[in-house]
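Next come the chains, spelled out residue by residue.
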Amino acid sequence: MRTSHRLPGLAVTDHVFAVPLDHADPGGATIEVFARELADPVRAGDQLPWLLYLQGGPGGKSPRPLNTGGWLGHALKTHRVLLLDQRGTGRSTPLTARAAAGLGPARRLADHLALHRADSIVADAELIRRQLCHDEPWETLGQSYGGFVTLSYLSLAPEGLRACYITGGLPGLDATADDVYAATYPRVRERLTAHYLRHPGDRALLRHLADRLGRHPVHLPDGDRLTVRRLRTLGLMLGMGDGSTRLHWLLDEALGADGAPTATFLQQVMQLTSFTDNPLFAVLQESIYGRGGAATGWAAERALAAHPAFAEDAEPLLLTGEMIYPWMFREIAGLRPFAEAADLLAARTDWPELYDPARLAANRVPVAAAVYHDDMYVDAGLSLRTARAVGGLRAWVTNEWEHDGVTASGGRVLARLMDLASGRA
């Protein structure tokens, strides 16, 4: 099913595809996957190469185009772009809290969620490619988790790929969730230290907030209690280029004249920490590292015990980053319907492998990857080890950009990667 319309500077076609929920059972239940095709109106009738955009996450829907600037504008000079809402996100049979509550017993929901990892996303993409591209290979741009999906794509169906561009998303091929969080906590601490040096007043303000929350119950507009540990999850924003500044201005309006949190602050904290729009980010955060017959077992929670500087009564108060903890599924309304299923996913051991090291070593698809030296979310050391293990991959290491470099740089990051993959740079 498709519908077409025009936006300023864009020819738009919306596609809805029926795909198997479980690609191993093609005759079974189906779900819908939505994708938005974009082209320069002047070239909309041309036979252009396709560029598939793979969003970060997990659980992130594809961006909705607001203009023709940035990386999209650069891509549209030469390509037809497909913005894919990965299964369970956006308009692709979304797995919202309401949908989860309607899926029945926790075991059934857990099994359903387990079909939303990179291998299933790749299978969806291949089905879509064969329908749209007459089985011609296409190019991909993988941002963050989209890079993880790209490595799975190169492992499972490299024949569908002509070239791949990865921004801040080279995973450790054999890294466990424990490996990831052992590296993550120190990077988050470094980022908080830098934030407090840049905005020294925020250190005392956050401690005041934490102490007050510990003494007086405070509730967010949706009724959830704002606890110290939920307050600390605001550190997630610090990995973006403007994250420190955004956190500072959020805190700038945090307290009223009486020293209590303001309604403005509580509204913004609810929006930033509720996971209403992307519950799969929390539900699948550790499952994307499931491999090798071992359970992920709430790795971020285990790793926290090895970092006493992150204790709630430690000074300075440290925020947390991209860590997901079991308490979130009991205390955050948008995640409660997933609670029992999340526990089952954390205990699961029968995860299929997402990467094929031998196939990646023999890879001949041109791959160019931006590795952000100071990336708070994706460890540069693990990324560079992967870069050395993948044939045909050229890595560009830079500290000019943070994790959101592909958007923050305009079209410069994508332009550089396209030049690298083509041999022009």
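Residues numbered from 1 in each chain as written. Predicted model: local features only at pLDDT ≥ 70, side-chain atom pairs only at ≥ 80, totals over all residues. Heavy atoms only, no water.

Caption draft 1: Layout of the overall build of the chain. Each helix and strand in the chain was counted, giving 18 helices and nine strands. The C-alpha atoms of the chain give 22 Å as radius of gyration, which agrees with the globular expectation for 425 residues (22 Å, within 12%). When its C-alpha atoms are laid out on the principal axes, the chain stretches across 65 × 45 × 45 Å. When burial is assessed residue by residue, the chain has 57% of its 425 residues classed as buried. A fraction of 75% describes how many contacts in the chain between residues 6 or more apart in sequence connect residues 24 or more apart. Looking at the chain as shown, the accessible area adds up to about 17400 Å², and 52% of this sits on carbon and sulfur atoms. (Helix = DSSP H or I, 4+ residues; strand = E, 2+ residues; numbered from the N terminus. Rg over C-alpha atoms; globule rule 2.2 N^0.38 Å. Buried < 20%, exposed > 50% of the residue type's maximum accessible area, 1.4 Å probe, protein only. Contact = heavy atoms within 4.5 Å. Areas by Shrake-Rupley, 256 points an atom, 1.4 Å probe, with all protein chains shown as cover.)

Caption draft 2: View of the pattern of salt bridges. Per the counting criterion, the structure on display carries 27 salt bridges. A salt bridge links Glu 126 to Arg 130, with the nearest nitrogen and oxygen atoms 3.8 Å apart. With Glu 126 and Arg 130 both in helix α4 (residues 118–132) and four residues apart, the pair spans about one turn of that helix. On the basis of relative accessible area, Glu 126 is assigned to the buried category, the value being 5%. By relative accessible area, Arg 130 is classed as partly exposed at 45%. Salt bridges sharing common partners tie together Glu 126, Arg 129, Arg 130 and Asp 135. (Salt bridge = Lys/Arg side-chain N within 4 Å of Asp/Glu carboxyl O.)

Caption draft 3: Inspection of the pairing of strand β6 (residues 138–143) at higher detail. Among the six residues of β6, six are classified as buried, and the element is accordingly described as predominantly covered. Sheet topology note: the β6/strand β7 (residues 161–167) ladder contains six bridges and is parallel. Looking at β7, one finds that Trp 138 is bridged to Leu 161. (Pairing = 2+ DSSP bridges.)

Caption draft 4: Expanded view of the sheet that holds strand β2 (residues 10–20). The nine strands lie next to each other as β1-β2-β3-β5-β4-β6-β7-β8-β9, forming an open sheet whose pairing is mixed. What marks the edges here is a single partner per strand, and that holds for β1 (2–7) and β9 (393–398). Averaged over all pairs of adjacent strands, the angle between strand axes in this sheet comes to 20°, irrespective of strand direction. With four bridges joining them, strand β4 (residues 50–54) and strand β5 (residues 80–84) adopt parallel strand pairing. The partner of Leu 52 across the bridge, within β5, is Leu 82. Packed onto the sheet, α4 meets β1, β2, β3 (30–39), β4, β5 and β6 and runs at close to 120° relative to β2. (Axes fitted to C-alpha atoms, helices over the stretch in contact; angles between N-to-C directions.)

Caption draft 5: Representation of the packing of aromatic side chains. Scanning all chains against the criterion turns up seven aromatic pairs. Ring plane angle 75° and centroid distance 5.1 Å describe the contact between Tyr 185 and Phe 310, whose orientation is recorded as edge-to-face. On the criterion of sequence distance, the pair formed by Tyr 185 in helix α6 (residues 177–198) and Phe 310 in the loop between α12 (299–304) and α13 (328–331) is long-range, its members being 125 residues apart. Classification of Tyr 185 as buried rests on a relative accessible area of 0%. (Phe/Tyr/Trp six-rings, centres within 6.5 Å; stacked < 30°, edge-to-face > 60°.)

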